[in-house]
Amino acid sequence: MRGERGRLPAAYERRFPTCPLIPMFVASDTVNEYRSEDGAIHVIERRCKLDIDAPRLLKKIAGVDYVYFVQKNSLNRRERTLHIEAYNETFSNRVIINEHCSYTVHPDNEDWTCFEQSASLDIKSFFGFESTVEKIAMKQYTSNIKKGKEIIEYYLKQLEEEGITFVPRWTPPVACKSESSTSHPRRPVSPAINIPESATKEGLSNKEILNTSSSPSEPTAGTPDDKLDADYIKRYLGDLTPMQESCLIRLRQWLQETHKGKIPKDEHILRFLRARDFNIDKAREILCQSLTWRKQHQVDYILDTWNPPQVLQDYYAGGWHHHDKDGRPLYVLRLGQMDTKGLVRALGEEALLRYVLSINEEGLRRCEENTKVFGRPISSWTCLVDLEGLNMRHLWRPGVKALLRIIEVVEANYPETLGRLLILRAPRVFPVLWTLVSPFIDDNTRKKFLIYAGNDYQGPGGLLDYIDKEIIPDFLGGECMCEVPEGGLVPKSLYRTAEELENEDIKLWTETIYQSASVFKGAPHEVLIQIVDASSVITWDFDVCKGDIVFNIFHSKRAPQPPKKDSLGAHSITSPGGNNVQLIDKVWQLGRDYSMVESPLICKEGESVQGSHVTRWPGFYILQWKFHSMPACATTNLPRVDDVLASLQVSSHKCKVMYYTEVIGSEDFRGSMTSLESSHSGFSQLSAATTSSSQSHSSSMISR
């Protein structure tokens, strides 16, 4: 609802005395009205008659056909605010409903209107139908939220059709007398009810932006500070409808409030919203899954920390080549000249996947650069695929399997990054390959495919429509030298055995700043940290890859004995999946030889945990990951379903974690001491609700 230009109060007033867009709103009567003499303040109180969508039996038992609410609207033209309060008059001794709404002008952009809405519901008793009434109230409230913006926009359009396109700002009169009140005698109404916070059974809230934004939020990293400015939207995000802008800012605010990690830029959030047609719930789910995946596999650091093997640099026939006519970065892939079988045999799936991820990360970086260069938003790239030379060798089953997995990962984590795909010189075998891979490609992505057989790309509607003649690669008949490797057969001397490839795949994902450890039943994994300065901060970040564990932190004034490595039954175990080191001697007693400095934290399989601890004393701190045994059911000897499922998941009594720890001085820790939080979240469930609880020397925020 961009540019309502002061007309919103007038549009809102058109909802009364009744509104055809709200069928349940039957009628309303004004019971009190107040206007200040200077015209700045206008307060009006109405008694509204509602026909609630409730079962006929319930209405009969309650003895009513209609429900009455009192609504008080306070318009302050001086402050440019409209506050709305409503409460129920009917059954106020049994049910208490309070609702608050406010429309305010955004402080940084006068063309934007901020909208905030909240409600509380307290059901004391209702003829035994308390649960039904609660569901009806929730349904009606949700319905009102969905239609509120639509109704305002309807009346704004109506005003525009009547020629009212602008309402000037209120200005005080030259001489202003004292305020007076004009009252219209009406039937008395019940006084407003103040509900104490403890009496509220259930709170309902909603925040909506009518002119594409809500209250200002902290700017995300790498984003201009003037992000709420219309110029920023046009410059970096492109043309968005008010609804789309609203979805973007609501999703970004949700991430800032709940996501304990790097917040993606607006451009990236928009990609996920577009991929789900701006359905916030669906976009939030896939975005959170992608953020967890990025963290789990250290994708944010792939361009800085990973160097592609020489085999890829020599035989992977793909690379970046200037840009298309729309300014999109252009990636050229000579798939027909690439020995996919040889690359898979020499490197394995994981190395190929990681290389493709690095290409996509480079694509995101190039989009940002081109946005600055061309002065308009560029959020996707164009891919030119040359299939000259494609044959049955490319249909080798493990190679196709690797390709399908790459497509699956890219589709899930880089949505809406492919602006156009030009497939050139498609041979007869191409339909076979297309039949295999097309089911894994999103419908929206498939619409961006343009396929040319033979030399059709040279004719009308061909390559020249999308790429300037000066940069058409030489191998396609152009004049521009293309530095993309020519590919060719990978020498069989570079092939690896199946065992070597399997070990290499494990190595690829563990050769990061993270370490891998195994946790067994009766054999926890422990890490020793020596602290000299009592004001130091211990930070940790770990992923629970398998099983459930309990995370503990202990302190000891004396150093534990170095772990023995000569016996599996002693202190140290080495396994292909990671190390296991035990430091706390079995003769040590908790409370005498060492103490617990943080409450135990139970972490489920697939969860990611980040946190910190401010050290109170110098000495030796031990971080411990211990096998979590399911507690026995207290009321019966029969196992619970959850226990059985958990025992099946960790039948080997082995857990696996990947962890990273660091010690830094408190003065160097980013954020205040109150921000030292321990948080953990499910890999696939980041979009769920968030609660918080106090925990020893640091607070804990848990998202599941």
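Residues numbered from 1 in each chain as written. Predicted model: local features only at pLDDT ≥ 70, side-chain atom pairs only at ≥ 80, totals over all residues. Heavy atoms only, no water.

The name given to the chain in an unreviewed UniProt entry is SEC14-like protein 1, with the source organism recorded as Zosterops borbonicus. In its Subunit (unreviewed entry) section, the UniProt record describing the chain reads: "Interacts with RIGI (via tandem CARD domain); the interaction is direct. Interacts (via GOLD domain) with SLC18A3; the interaction is direct. Interacts with SLC5A7 (via GOLD domain); the interaction is direct." (UniProt positions renumbered as here; feature names shortened; annotations may be inferred.)

A closer look at the side chain of Ser-102
Summarising the element assignment, Ser-102 is placed in strand β5 (residues 95-105). Judged by its relative accessible area of 14%, Ser-102 is buried. Non-local contacts of Ser-102, meaning those with residues more than four positions away in its chain, are made with Leu-82, His-83, Cys-114, Phe-115 and Glu-116. (Helix = DSSP H or I, 4+ residues; strand = E, 2+ residues; numbered from the N terminus. Buried < 20%, exposed > 50% of the residue type's maximum accessible area, 1.4 Å probe, protein only. Contact = heavy atoms within 4.5 Å.)

Topic: helix α13 (residues 430-437)
Residues three or four positions apart in an α-helix share a direction because the helix packs 3.6 residues into each turn. Within the sequence span of α13, burial applies to Phe-430, Leu-433 and Val-437. Viewed end-on, α13 has its buried residues packed into an arc of 65°, placing them on one side of the element. Those residues of α13 that are buried are in contact with α12 (397-413), β11 (418-426) and β12 (449-453). (Arc of directions from axis to C-beta.)

Let's talk about the nonpolar core
Membership of the largest hydrophobic core comes to 53 residues, with the highest contact counts inside it found for Leu-312, Tyr-316, Leu-343 and Leu-387. Put simply, the parts of the chain that give this core at least two residues each are α9 (310-315), β9 (329-333), α10 (340-347), α11 (349-374), β10 (381-386), α12, β11 and α13. In this structure Tyr-316 touches Val-311, Tyr-331, Leu-333, Met-338, Leu-343, Leu-352, Tyr-355, Val-356, Ile-359 and Pro-485, once residues within four positions along its chain are discounted. Counting residues in each nonpolar core, the second largest holds 25 residues, with Phe-16, Phe-69, Phe-115 and Tyr-155 among its members. (Core = buried A, V, L, I, M, F, W, Y, C linked by side-chain atoms within 4.5 Å.)

With respect to the packing of helix α4 (residues 230-237) against helix α6 (residues 266-275)
Interaxial distance between α4 and α6 falls to 11 Å at its minimum, and their mutual angle equals 70°. Viewed along their axes, α4 and α6 adopt a mutual orientation that is roughly perpendicular. Seen from α4, the contacting residues are Tyr-232, Tyr-236 and Leu-237; seen from α6, they are Asp-266, Glu-267, Leu-270 and Arg-274. In terms of residue class, the contact of α4 with α6 is made up of 4 nonpolar, no polar and 3 charged. (Axes fitted to C-alpha atoms, helices over the stretch in contact; angles between N-to-C directions. Parallel < 35°, antiparallel > 145°, perpendicular 65-115°, else oblique. Nonpolar A, V, L, I, M, F, W, Y, C, P; charged D, E, K, R; others polar.)

Quick look at the pattern of salt bridges
Opposite charge on two side chains allows them to pair when their charged atoms are near. Evaluated as defined, the whole model comprises 25 salt bridges. For Arg-328, the salt bridge identified is with Asp-326, shortest N-O distance 3.3 Å. Using a relative accessible area of 35% as the deciding quantity, one classes Asp-326 as partly exposed. Here Lys-604 makes a salt bridge to Asp-548, at a shortest N to O gap of 3.8 Å. (Salt bridge = Lys/Arg side-chain N within 4 Å of Asp/Glu carboxyl O.)

Considering the confidence of the model for the chain
Averaged over the chain, the pLDDT score is 76; the fraction of residues at 70 or greater is 75%. Considering each helix and strand of the chain separately, the mean pLDDT is smallest for strand β25 (residues 690-693), with a value of 27, and largest for β9, with 95. A low-confidence stretch, residues 176-228 stays under pLDDT 50, and its non-local contacts, those more than four residues away or across chains, total 145 contacts. A low-confidence stretch, residues 633-651 (pLDDT under 50), is modelled with 13 contacts involving residues beyond four sequence positions or located in other chains. (pLDDT = per-residue confidence, 0-100.)

What about the sheet that holds β10?
One open sheet holds the 5 strands; their spatial order is β8-β9-β10-β11-β12, and the pairing between them is mixed. Looking at which strands have only one partner, the edges of the open sheet turn out to be β8 (318-323) and β12. Neighbour-to-neighbour, the strand axes of this sheet turn through a mean angle of 20°, independent of strand direction. Here β10 pairs with β11 via 6 bridges, running parallel. Each residue of the ladder has a partner; that of Leu-384, found in β11, is Leu-422. (Pairing = 2+ DSSP bridges.)

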